[in-house]
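# Per-entry structural report
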Amino acid sequence: MHEREPADAQAADMTGVLVRVLVRHDGWDVAEAALVELVAQTLPAPADHVRLGRRCPRCGATDHGRPVVVAPLDGRRLHVSLGRTLGRVAVAVGSAGPVGVDIERVDPERFAGVATVAQHDDEPDADSLDLLAARWVQKEAILKATGWGLTEDPAGLDLTPRRPSPFAVTATRNGLVVRVWVSELGVGTRYAAAVAVVGETPPRVTLVS
Ligand SMILES: CC(C)(COP(=O)(O)OP(=O)(O)OC[C@H]1O[C@@H](n2cnc3c(N)ncnc32)[C@H](O)[C@@H]1OP(=O)(O)O)[C@@H](O)C(=O)NCCC(=O)NCCS
(Lines give C-alpha, C1' and ligand atoms only; values in the text may rest on other atoms or scores of the structure.)
Protein backbone atom coordinates (compact mmCIF):
# COMPACT_ATOMS: atom_id res chain seq x y z
CA MET A 1 0.00 0.00 0.00
CA HIS A 2 2.62 2.52 1.15
CA GLU A 3 5.79 2.59 3.15
CA ARG A 4 6.09 3.65 6.76
CA GLU A 5 9.43 4.97 7.98
CA PRO A 6 10.61 6.57 11.19
CA ALA A 7 11.35 10.28 10.77
CA ASP A 8 15.10 9.89 11.14
CA ALA A 9 15.29 7.19 8.45
CA GLN A 10 13.45 9.04 5.73
CA ALA A 11 15.23 10.52 2.76
CA ALA A 12 14.07 13.82 1.35
CA ASP A 13 12.73 11.99 -1.69
CA MET A 14 11.91 14.75 -4.14
CA THR A 15 10.09 12.40 -6.48
CA GLY A 16 7.80 11.02 -3.84
CA VAL A 17 5.29 12.25 -1.31
CA LEU A 18 5.73 12.36 2.45
CA VAL A 19 2.61 12.20 4.61
CA ARG A 20 2.42 12.69 8.35
CA VAL A 21 -0.63 12.14 10.58
CA LEU A 22 -0.75 13.79 13.99
CA VAL A 23 -3.08 13.73 16.95
CA ARG A 24 -5.11 16.91 17.15
CA HIS A 25 -6.55 17.77 20.51
CA ASP A 26 -9.76 19.75 20.63
CA GLY A 27 -9.05 23.43 20.16
CA TRP A 28 -5.40 22.80 19.31
CA ASP A 29 -4.78 23.01 15.59
CA VAL A 30 -1.42 21.56 14.69
CA ALA A 31 -1.96 21.51 10.93
CA GLU A 32 0.00 24.56 9.82
CA ALA A 33 2.94 23.93 12.16
CA ALA A 34 3.02 20.28 11.10
CA LEU A 35 3.06 21.26 7.43
CA VAL A 36 5.87 23.78 8.02
CA GLU A 37 7.88 21.10 9.80
CA LEU A 38 7.39 18.56 7.01
CA VAL A 39 8.36 21.11 4.33
CA ALA A 40 11.47 22.03 6.33
CA GLN A 41 12.39 18.37 6.69
CA THR A 42 11.85 17.67 2.99
CA LEU A 43 13.92 20.56 1.61
CA PRO A 44 15.81 20.47 4.09
CA ALA A 45 15.69 24.01 5.56
CA PRO A 46 15.25 25.53 9.00
CA ALA A 47 11.57 25.57 9.93
CA ASP A 48 11.68 29.30 10.67
CA HIS A 49 12.65 29.94 7.01
CA VAL A 50 9.48 28.28 5.77
CA ARG A 51 6.44 30.44 5.01
CA LEU A 52 3.14 29.03 3.83
CA GLY A 53 0.40 30.91 2.03
CA ARG A 54 -2.82 30.04 0.26
CA ARG A 55 -3.92 30.33 -3.30
CA CYS A 56 -7.42 29.63 -4.50
CA PRO A 57 -7.26 27.79 -7.82
CA ARG A 58 -10.75 29.05 -8.58
CA CYS A 59 -10.47 32.82 -8.02
CA GLY A 60 -6.74 33.39 -7.44
CA ALA A 61 -7.25 34.87 -3.95
CA THR A 62 -4.46 34.39 -1.43
CA ASP A 63 -6.60 34.33 1.71
CA HIS A 64 -8.18 30.93 1.08
CA GLY A 65 -7.74 27.85 -1.04
CA ARG A 66 -4.97 25.31 -1.36
CA PRO A 67 -1.85 25.77 0.76
CA VAL A 68 1.34 26.81 -1.05
CA VAL A 69 4.98 27.25 -0.04
CA VAL A 70 5.85 30.96 -0.25
CA ALA A 71 9.40 30.78 1.14
CA PRO A 72 12.11 29.70 0.82
CA LEU A 73 12.16 30.22 -2.94
CA ASP A 74 13.34 26.71 -3.69
CA GLY A 75 10.45 25.40 -1.61
CA ARG A 76 8.06 26.57 -4.28
CA ARG A 77 8.66 23.45 -6.32
CA LEU A 78 7.03 21.50 -3.48
CA HIS A 79 3.32 20.75 -3.50
CA VAL A 80 1.62 20.63 -0.12
CA SER A 81 -1.75 19.71 1.31
CA LEU A 82 -3.48 19.30 4.64
CA GLY A 83 -6.67 17.85 6.08
CA ARG A 84 -8.26 17.93 9.51
CA THR A 85 -10.82 15.79 11.26
CA LEU A 86 -11.89 15.27 14.83
CA GLY A 87 -8.75 14.11 16.64
CA ARG A 88 -6.34 14.02 13.68
CA VAL A 89 -4.49 16.17 11.17
CA ALA A 90 -2.80 14.93 7.99
CA VAL A 91 -0.17 16.88 6.07
CA ALA A 92 1.52 15.98 2.78
CA VAL A 93 4.53 17.32 0.90
CA GLY A 94 5.91 16.27 -2.47
CA SER A 95 7.31 17.43 -5.76
CA ALA A 96 5.94 14.71 -8.01
CA GLY A 97 2.86 16.81 -8.79
CA PRO A 98 0.00 18.67 -7.12
CA VAL A 99 -0.98 16.73 -4.02
CA GLY A 100 -4.12 16.37 -1.95
CA VAL A 101 -4.51 14.63 1.40
CA ASP A 102 -7.68 13.93 3.33
CA ILE A 103 -8.48 12.26 6.63
CA GLU A 104 -11.82 11.57 8.28
CA ARG A 105 -12.95 9.97 11.47
CA VAL A 106 -14.95 6.84 10.62
CA ASP A 107 -18.13 7.78 12.39
CA PRO A 108 -21.65 6.77 11.24
CA GLU A 109 -23.05 10.23 12.01
CA ARG A 110 -20.39 11.99 9.92
CA PHE A 111 -21.11 9.71 6.98
CA ALA A 112 -24.91 9.73 7.12
CA GLY A 113 -25.97 10.88 3.67
CA VAL A 114 -22.50 10.73 2.09
CA ALA A 115 -23.36 7.63 0.05
CA THR A 116 -26.25 9.35 -1.66
CA VAL A 117 -24.41 12.57 -2.54
CA ALA A 118 -20.98 11.19 -3.40
CA GLN A 119 -21.62 7.89 -5.14
CA HIS A 120 -20.88 7.58 -8.87
CA ASP A 121 -23.59 5.84 -10.90
CA ASP A 122 -21.21 2.97 -11.73
CA GLU A 123 -20.03 2.46 -8.15
CA PRO A 124 -21.66 -0.43 -6.30
CA ASP A 125 -23.24 0.49 -2.96
CA ALA A 126 -20.65 0.57 -0.19
CA ASP A 127 -21.39 -2.45 1.98
CA SER A 128 -19.55 -1.06 5.01
CA LEU A 129 -18.87 2.22 6.71
CA ASP A 130 -15.16 1.60 6.17
CA LEU A 131 -15.60 1.39 2.40
CA LEU A 132 -17.81 4.48 2.38
CA ALA A 133 -15.22 6.44 4.37
CA ALA A 134 -12.37 5.13 2.21
CA ARG A 135 -14.13 6.24 -0.97
CA TRP A 136 -14.94 9.64 0.49
CA VAL A 137 -11.37 10.47 1.57
CA GLN A 138 -10.07 9.28 -1.79
CA LYS A 139 -12.48 11.58 -3.60
CA GLU A 140 -11.64 14.54 -1.37
CA ALA A 141 -7.92 13.86 -1.82
CA ILE A 142 -8.42 13.84 -5.61
CA LEU A 143 -10.43 17.08 -5.49
CA LYS A 144 -7.73 18.72 -3.37
CA ALA A 145 -4.96 17.51 -5.70
CA THR A 146 -6.75 18.95 -8.74
CA GLY A 147 -7.52 22.11 -6.75
CA TRP A 148 -11.19 21.83 -7.70
CA GLY A 149 -12.36 21.07 -4.17
CA LEU A 150 -16.04 20.49 -3.67
CA THR A 151 -16.88 22.93 -6.45
CA GLU A 152 -16.66 19.69 -8.44
CA ASP A 153 -19.24 16.98 -7.72
CA PRO A 154 -17.53 14.02 -5.97
CA ALA A 155 -20.19 11.78 -7.53
CA GLY A 156 -18.51 12.49 -10.88
CA LEU A 157 -15.47 10.46 -9.79
CA ASP A 158 -15.67 6.71 -10.39
CA LEU A 159 -13.41 4.80 -7.98
CA THR A 160 -14.36 1.30 -9.08
CA PRO A 161 -12.96 -1.28 -9.27
CA ARG A 162 -11.02 -1.27 -5.99
CA ARG A 163 -7.33 -1.69 -6.74
CA PRO A 164 -4.13 -1.78 -4.73
CA SER A 165 -2.53 1.62 -4.05
CA PRO A 166 -1.41 3.62 -5.85
CA PHE A 167 -4.09 3.43 -8.53
CA ALA A 168 -4.85 5.87 -11.31
CA VAL A 169 -8.12 7.76 -11.58
CA THR A 170 -9.10 10.01 -14.46
CA ALA A 171 -10.77 13.21 -13.33
CA THR A 172 -12.44 15.44 -15.90
CA ARG A 173 -13.82 18.94 -15.74
CA ASN A 174 -14.96 21.16 -18.60
CA GLY A 175 -13.08 19.01 -21.08
CA LEU A 176 -9.88 19.01 -19.00
CA VAL A 177 -8.64 15.47 -18.32
CA VAL A 178 -6.38 14.99 -15.30
CA ARG A 179 -4.66 11.76 -14.26
CA VAL A 180 -4.44 11.36 -10.50
CA TRP A 181 -2.71 8.64 -8.48
CA VAL A 182 -4.52 7.67 -5.32
CA SER A 183 -3.05 5.87 -2.30
CA GLU A 184 -4.93 4.66 0.73
CA LEU A 185 -3.13 5.41 3.99
CA GLY A 186 -3.28 2.98 6.91
CA VAL A 187 -4.06 5.25 9.86
CA GLY A 188 -5.86 2.91 12.25
CA THR A 189 -9.37 1.57 12.41
CA ARG A 190 -11.13 4.75 13.58
CA TYR A 191 -9.84 6.89 10.72
CA ALA A 192 -9.71 6.77 6.94
CA ALA A 193 -7.12 8.71 4.97
CA ALA A 194 -5.85 8.98 1.42
CA VAL A 195 -3.37 10.97 -0.60
CA ALA A 196 -3.69 11.82 -4.29
CA VAL A 197 -1.05 13.13 -6.69
CA VAL A 198 -1.55 14.57 -10.17
CA GLY A 199 0.92 13.09 -12.65
CA GLU A 200 1.64 10.47 -15.26
CA THR A 201 3.66 8.08 -13.11
CA PRO A 202 2.77 6.50 -9.76
CA PRO A 203 4.42 8.38 -6.88
CA ARG A 204 6.26 6.78 -4.00
CA VAL A 205 4.17 7.55 -0.93
CA THR A 206 5.80 7.38 2.49
CA LEU A 207 3.87 7.73 5.74
CA VAL A 208 6.35 9.17 8.21
CA SER A 209 6.14 9.06 11.97
C1 LIG B 1 -10.96 21.60 -0.03
C2 LIG B 1 -12.23 21.12 0.68
C3 LIG B 1 -12.77 19.91 -0.08
C4 LIG B 1 -11.78 20.70 2.11
O5 LIG B 1 -12.88 20.58 2.93
P6 LIG B 1 -12.96 20.06 4.45
O7 LIG B 1 -13.17 18.60 4.47
O8 LIG B 1 -13.95 20.90 5.12
O9 LIG B 1 -11.58 20.43 5.14
P10 LIG B 1 -10.19 19.66 5.30
O11 LIG B 1 -9.77 19.84 6.71
O12 LIG B 1 -10.23 18.28 4.76
O13 LIG B 1 -9.22 20.53 4.36
C14 LIG B 1 -9.09 21.91 4.56
C15 LIG B 1 -7.89 22.40 3.81
O16 LIG B 1 -8.07 22.12 2.41
C17 LIG B 1 -7.22 23.02 1.71
N18 LIG B 1 -7.95 23.56 0.58
C19 LIG B 1 -8.92 24.48 0.55
N20 LIG B 1 -9.32 24.71 -0.71
C21 LIG B 1 -8.58 23.92 -1.50
C22 LIG B 1 -8.53 23.69 -2.90
N23 LIG B 1 -9.33 24.35 -3.76
N24 LIG B 1 -7.65 22.80 -3.38
C25 LIG B 1 -6.84 22.12 -2.55
N26 LIG B 1 -6.84 22.27 -1.20
C27 LIG B 1 -7.71 23.18 -0.69
C28 LIG B 1 -6.77 24.11 2.70
O29 LIG B 1 -5.45 23.81 3.10
C30 LIG B 1 -7.71 23.88 3.86
O31 LIG B 1 -7.11 24.27 5.08
P32 LIG B 1 -7.45 25.72 5.70
O33 LIG B 1 -8.84 25.56 6.21
O34 LIG B 1 -6.45 25.89 6.79
O35 LIG B 1 -7.34 26.69 4.59
C36 LIG B 1 -13.31 22.23 0.75
O37 LIG B 1 -12.94 23.20 1.70
C38 LIG B 1 -13.50 22.93 -0.60
O39 LIG B 1 -14.07 22.38 -1.51
N40 LIG B 1 -12.96 24.12 -0.74
C41 LIG B 1 -12.94 24.85 -2.01
C42 LIG B 1 -14.23 25.63 -2.25
C43 LIG B 1 -14.00 26.64 -3.33
O44 LIG B 1 -13.18 26.50 -4.20
N45 LIG B 1 -14.77 27.69 -3.27
C46 LIG B 1 -14.61 28.78 -4.19
C47 LIG B 1 -13.87 29.92 -3.52
S48 LIG B 1 -13.64 31.27 -4.64
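Rules and cut-offs
Residues numbered from 1 in each chain as written. Predicted model: local features only at pLDDT ≥ 70, side-chain atom pairs only at ≥ 80, totals over all residues. Pairing = 2+ DSSP bridges. Helix = DSSP H or I, 4+ residues; strand = E, 2+ residues; numbered from the N terminus. Axes fitted to C-alpha atoms, helices over the stretch in contact; angles between N-to-C directions. Buried ≥ 20, exposed ≤ 12 C-beta atoms within 10 Å, placed from the backbone. Near = placed C-beta within 6 Å. Nonpolar A, V, L, I, M, F, W, Y, C, P; charged D, E, K, R; others polar. Expected span 1.5 Å × (residues − 1). pLDDT = per-residue confidence, 0-100. Contact = placed C-beta atoms within 7 Å.

## Looking at the sheet that holds strand β8 (residues 167-173)
- Taken together, four strands build an open sheet; the order of strands is β7-β10-β9-β8 and the sheet is antiparallel. Both outer strands of the open sheet, β7 (99-105) and β8, are each paired with one neighbouring strand and no more. Averaged over all pairs of adjacent strands, the angle between strand axes in this sheet comes to 30°, irrespective of strand direction.
- Pairing of strand β9 (residues 176-185) with strand β10 (residues 191-198) involves six bridges; the strand directions are antiparallel. Among the inter-strand pairings, Val182 is bridged to a residue of β10, identified as Ala196.

## A look at unusual backbone geometry
- Cis geometry marks the peptide bond from Thr160 to Pro161; its omega dihedral reads -5°.
- With respect to the secondary-structure elements, Pro161 resides in the loop between α4 (129-146) and β8.
- With omega at -10°, the peptide bond leading from Ser165 into Pro166 counts as cis.
- In this fold, Pro166 is placed in the loop between α4 and β8.
- Backbone geometry places Asn174, a non-glycine residue, at a positive phi of 45°.
- Inspection of the secondary structure puts Asn174 in the loop between β8 and β9.
- Its 5 C-beta neighbours within 10 Å are what place Asn174 among the exposed residues.

## As for the site of the ligand
- Taken together, 21 residues are adjacent to the ligand, and Arg66, Gly83, Arg84, Gly149 and Leu150 come closest.
- Elements with a minimum of two residues in the shell around the ligand: β4 (66-71), β5 (79-85), β7 and α4.
- Counting residues per element, the shell around the ligand draws most heavily on β5, which supplies four residues.
- Taken together, the residues of the shell around the ligand break down into seven nonpolar, seven polar and seven charged.

## Side note on α4
- Here α4 contains 18 residues, and its C-alpha end-to-end distance of 26 Å stays within 8% of the 26 Å for a straight helix at 1.5 Å per residue.
- Across the 18 residues of α4, 14 count as buried, placing the element largely inside the fold.
- Residue Gly147 follows α4 closely and has a positive phi angle near 85°.

## Description of the environment of Pro164
- By the element assignment, Pro164 lies in the loop between α4 and β8.
- Measuring from C-alpha to C-alpha, the distance between Pro164 and Ser183 comes to 8.1 Å, with 19 residues separating the pair along the chain.

## Quick notes on the pairing of β7
- With six of its seven residues buried, β7 lies for the most part within the structure.
- Sheet topology note: the β7/β10 ladder contains seven bridges and is antiparallel. Paired with Val101 across the strands is Val195, a residue of β10.

## Points about the confidence of the model for the protein chain
- In this model, the protein chain carries a mean pLDDT of 91, and residues with pLDDT of at least 70 account for 93%.
- At the level of individual helices and strands, the protein chain shows its lowest average pLDDT in strand β1 (residues 3-5), which scores 52, and its highest in β10, which scores 98.
- Contacts of residues 6-12 to residues separated by more than four positions or lying in other chains number ten contacts, the stretch itself having pLDDT below 50.

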